[in-house]
Amino acid sequence: PPTVGARRDRGRSSGAARELISNVGLAPGDPAGGPGPAPGRPAGSDDQALPTRPARQAQSSLPIRPALPASPGGQGRLFELFLGLLSRLAARGPVLVALEDLHWADRSTVSLLSFLHRHLADEPVLLVGTFRDDELPAGHPVRRLFAETARGDRVTTLALRRLDVGEVAQHLTELLGAPPDPDLVDWVFGHSEGNPFFTEVLVAAVDGASGTPVAALPPTVTDLVLRQVRALTAETQNVLRTAAVAGPTVGHLLLAELTGLAGAAEPDLEAALREAMGSHVLVAKADDGYAFRHVLIQQALYADLLPSERRRLHTAAARALTDHPQWSIGARTSTSALRGAAYHCAVAYHCAVAYHWNAAGERRKAFAATVRAGLAAADGYAYAEAYDSLRRAVALWDVVAEPERLAGMDRAALLADTAHMAFLLGDDPRAISFAEDALAEVNGAGDSAGDDPQRAATLHERMARYHFTALREGPALAAYQRALALLPPGEPSQLRAMVVAGLARLAMLWSRPD
């Protein structure tokens with residue numbers, strides 16, 4: 001039967017995915033990286049310092065915390081495993097991979113798409129991506145991906161044109177449940193210019209009794225969107241404004257908490273949500289959440305809030321997510337058998353908490369959550385997102401009290417981690433700059449090794465690698481020599497081996513037998 005076949009296919013896909021996860025280093029059910037309070041951190045104690053994590057790899061590191069991945073190979077290996085997963089699935093039949101709203105994609109996701117485009121050859125795999133080109137600023141990663149893929153003959157671009165008058169009439173028939181009056185079609189087409197979203201919003205400006213447009217139309221899209229919302233009940237308007245604070249999507253349990261409509265009052269929330277969905281403002285999501293039909297609706301509602309309302313709701317959202325990480329969109333997926341997806345969920349969760357605390361004006365709590373987001377992204381090989389979060393944490397270091405306790409590391413370690421993420425992204429100048437700042441923190445005012453020569457030697461070894469990849473022979477040689485001088489003479493160690501290997505590599509590539 002078809003149902004049995006579908007279950008069998010899902011089982012095969014799950015088996016391939018489990019193999020991918022085990023290869024990455026996570027067994028099904030492994031709690032590492034999932035969203036939630038760090039081990040040993042009580043729920044609700046969002047102002048508490050970040051605990052030290054166990055080492056994931058036996059590598060040279062700063063003593064205050066384990067080392068981050070030492071080379072870009074971690075992310076590349078993950079991409080290769082995903083490519084292998086698609087290849088295995090494609091061996092059983094054609095595979096369609098669809099990614100919507102790429103204008104919101106992070107840089108690591110775009111890098112994965114670029115990798116798949118380059119390496120998928122004869123496999124029956126179709127990659128489909130959608131994006132709104134009017135929401136892609138100059139320099140957006142998707143624009144670079146589009147330019148890269150457009151040069152070959154393996155990519156087909158489909159630009160969706162606006163609807164014509166006949167298609168607008170069909171759209172209105174579906175929305176109204178009956179064929180519309182021709183004058184109404186002309187009126188909607190004239191104001192929407194064939195934009196399907198604007199067509200749906202304009203329906204709210206139609207007199208339900210007569211089926212004719214109202215006399216006055218709001219002058220801007222924002223006013224038009226708000227007019228659509230203001231036609232709803234007061235309870236539904238309050239639910240929508242609260243949902244707008246959470247972002248384009250919001251989980252049901254979080255929304256119930258923020259609106260005060262949990263428990264016995266939940267039927268009132270469901271009635272409001274049903275009205276919002278019936279008015280084409282919200283749509284239900286498969287992961288027990290809701291999304292605004294268009295981001296313009298969310299933006300208009302958010303802008304309509306008073307500053308005091310925003311702070312209050314952001315504070316409540318941050319506290320709720322801190323106490324109940326499972327309320328974050330996607331957290332349910334991360335607790336399934338395919339726990340490897342937890343890394344992405346952890347990054348999104350910590351970024352959401354940091355966003356809400358920052359918008360609430362709570363810089364200390366925003367700082368701690370930003371550090372967590374950066375470390376979670378690094379664990380998940382999302383180097384671009386890790387670098388962005390850690391760089392923001394560096395900027396906040398001097399404006400919060402007790403930053404070392406909140407971050408679980410000192411400023412030198414944070415700078416060193418930020419430098420390493422820049423290095424893994426191929427941004428050698430920034431890696432060198434952050435590493436120099438880290439060395440300055442360790443060395444103090446002078447050029448000594450401070451109180452920790454081992455730590456200074458580790459930083460010099462990293463600095464040498466950064467200079468080496470930037471093809472700066474002289475500074476690389478000086479950094480390696482300085483690292484070697486700081487290590488105890490004659491005492492074998494992994495760090496000494498790395499320094500000696502680096503010197504040998506320099507001698508080989510630059511023909512320096514000495």
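Residues numbered from 1 in each chain as written. Predicted model: local features only at pLDDT ≥ 70, side-chain atom pairs only at ≥ 80, totals over all residues. Heavy atoms only, no water.

Trainee: Before we go on, may I ask you to explain the overall build of the chain in this structure?
Mentor: Of regular secondary structure, the chain possesses 23 helices and 5 strands. When the 514 residues of the chain are sorted by exposure, 44% land in the buried category. Across the chain, contacts joining residues at least 24 apart in sequence account for 66% of those joining residues at least 6 apart. Put simply, the chain shows about 25100 Å² of open surface, and 55% of that area lies on carbon and sulfur atoms. (Helix = DSSP H or I, 4+ residues; strand = E, 2+ residues; numbered from the N terminus. Buried < 20%, exposed > 50% of the residue type's maximum accessible area, 1.4 Å probe, protein only. Contact = heavy atoms within 4.5 Å. Areas by Shrake-Rupley, 256 points an atom, 1.4 Å probe, with all protein chains shown as cover.)

Trainee: How should the sheet that holds strand 3 (residues 249-251) be read in this particular structure?
Mentor: Remark on secondary structure: sheet strands pair via backbone hydrogen bonds, oriented parallel or antiparallel. What the 3 strands build is an open sheet, ordered 3-5-4; its pairing is antiparallel. In the strand order of this sheet, the two ends are held by strand 3 and strand 4 (282-285), each with one partner. Direction aside, the axes of adjacent strands within the sheet are offset by 25° on average. When strand 3 meets strand 5 (residues 289-292), the two strands line up antiparallel, connected through 3 bridges. (Pairing = 2+ DSSP bridges. Axes fitted to C-alpha atoms, helices over the stretch in contact; angles between N-to-C directions.)

Trainee: I would appreciate a short explanation of unusual backbone geometry in the present structure.
Mentor: Peptide bonds are trans in most cases, and residues, glycine excluded, mostly fall at negative phi. At His-280, a residue that is not glycine, the phi angle is positive and equals roughly 65°. For His-280, the position within the fold is in the loop between helix 11 (266-278) and strand 4. With phi around 60°, Leu-471 is a residue other than glycine that occupies positive phi space. Mapped onto the secondary structure, Leu-471 falls in the loop between helix 21 (453-469) and helix 22 (473-486).

Trainee: Whenever I open this one, the confidence of the model for the chain confuses me. Can you help?
Mentor: Do not read the predicted coordinates in detail wherever pLDDT is low. Considering every residue of the chain, the mean pLDDT works out to 78; 77% of them sit at 70 or more. Confidence, expressed as mean pLDDT per element, reaches its minimum in the chain at helix 14 (residues 331-334) with 38 and its maximum at helix 9 (residues 234-246) with 95. In the model, residues 20-67 has pLDDT below 50 throughout and makes 125 contacts with residues more than four positions away in sequence or in other chains. Considering only residues more than four positions removed or in separate chains, one finds that residues 331-343, a stretch of pLDDT under 50, has 34 contacts. (pLDDT = per-residue confidence, 0-100.)

Trainee: Help me understand the packing of helix 20 (residues 428-443) against helix 21 in this model?
Mentor: A pair of packed helices is captured by two measures, namely the crossing angle of their axes and the spacing between those axes. Running from N to C, helix 20 and helix 21 point in directions that differ by 160°, and their axes come no closer than 10 Å. If you check the angle between helix 20 and helix 21, you find them roughly antiparallel. Considering only the axes of helix 20 and helix 21, their crossing is left-handed. Taken together, the residues of helix 21 that come into contact with helix 20 (itself represented by Asp-428, Ala-431, Ile-432, Ala-435, Glu-436, Ala-438, Leu-439, Val-442 and Asn-443) are Arg-455, Ala-456, Leu-459, His-460, Met-463, Tyr-466, His-467 and Thr-469. Residues of the contact of helix 20 with helix 21, tallied by class, amount to 10 nonpolar, 4 polar and 3 charged. (Parallel < 35°, antiparallel > 145°, perpendicular 65-115°, else oblique. Left-handed = near helix turned anticlockwise from the far one by under 90°. Nonpolar A, V, L, I, M, F, W, Y, C, P; charged D, E, K, R; others polar.)

Trainee: What is the right way to look at the nonpolar core in this model?
Mentor: Phe-367, Val-371, Met-409, Leu-414, Met-421 and Tyr-466 are the most contacted members of the largest nonpolar core, which has 57 residues in total. In terms of residue count, helix 19 (residues 411-424) provides more of this core than any other element does, 10 residues in total. Not counting residues within four places of it along the chain, the set of residues in contact with Leu-414 comprises Leu-390, Ala-393, Val-394, Trp-397 and Met-409. Counting 49 residues, the second largest nonpolar core, distinct from the first, contains Val-188, Leu-226, Leu-255 and Trp-327. (Core = buried A, V, L, I, M, F, W, Y, C linked by side-chain atoms within 4.5 Å.)

Trainee: Can you help me understand the packing of aromatic side chains in this one?
Mentor: The geometry of an aromatic ring pair is captured by two quantities: the separation of the ring centres and the angle between the planes. For the coordinates displayed, the defined rule picks out 6 aromatic pairs. Ring geometry for Phe-367 versus Trp-397: centroids 5.8 Å apart, planes at 75°, classification edge-to-face. Here Trp-397 lies in the loop between helix 17 (383-396) and helix 18 (403-407) and Phe-367 lies in helix 16 (residues 363-379), a separation of 30 residues in the sequence. Residue classification places Phe-367 among the buried residues on the basis of a relative accessible area of 0%. Their ring planes at 75° and their centres at 6.4 Å tell us that Tyr-381 and Tyr-383 sit as a pair that is edge-to-face. Both residues of the pair, Tyr-381 and Tyr-383, count as buried. One Lys or Arg, Arg-505, reaches over the ring of Phe-468 and ends 5.0 Å from the middle of that ring. (Phe/Tyr/Trp six-rings, centres within 6.5 Å; stacked < 30°, edge-to-face > 60°. Lys NZ or Arg CZ within 6 Å of the ring centre and 35° of its normal.)

Trainee: Would you mind going over the environment of Gly-166 with me for this structure?
Mentor: Tracing the sequence through the fold places Gly-166 in helix 5 (residues 165-176). For the pair formed by Gly-166 and Phe-189, sequence separation is 23 residues and the distance between their alpha carbons is 9.5 Å.

Trainee: When you look at the pairing of strand 4 in this model, what are you seeing that I'm missing?
Mentor: It is a general feature of regular strands that their side chains alternate between the two faces of the sheet. Direction of pairing for strand 4 relative to strand 5: antiparallel, over a ladder of 4 bridges. The residue of strand 5 that forms the bridge with Val-283 is Ala-291. Connecting strand 4 to the next strand, strand 5, in antiparallel fashion are 3 residues, including Asp-288 with a positive phi near 60°.

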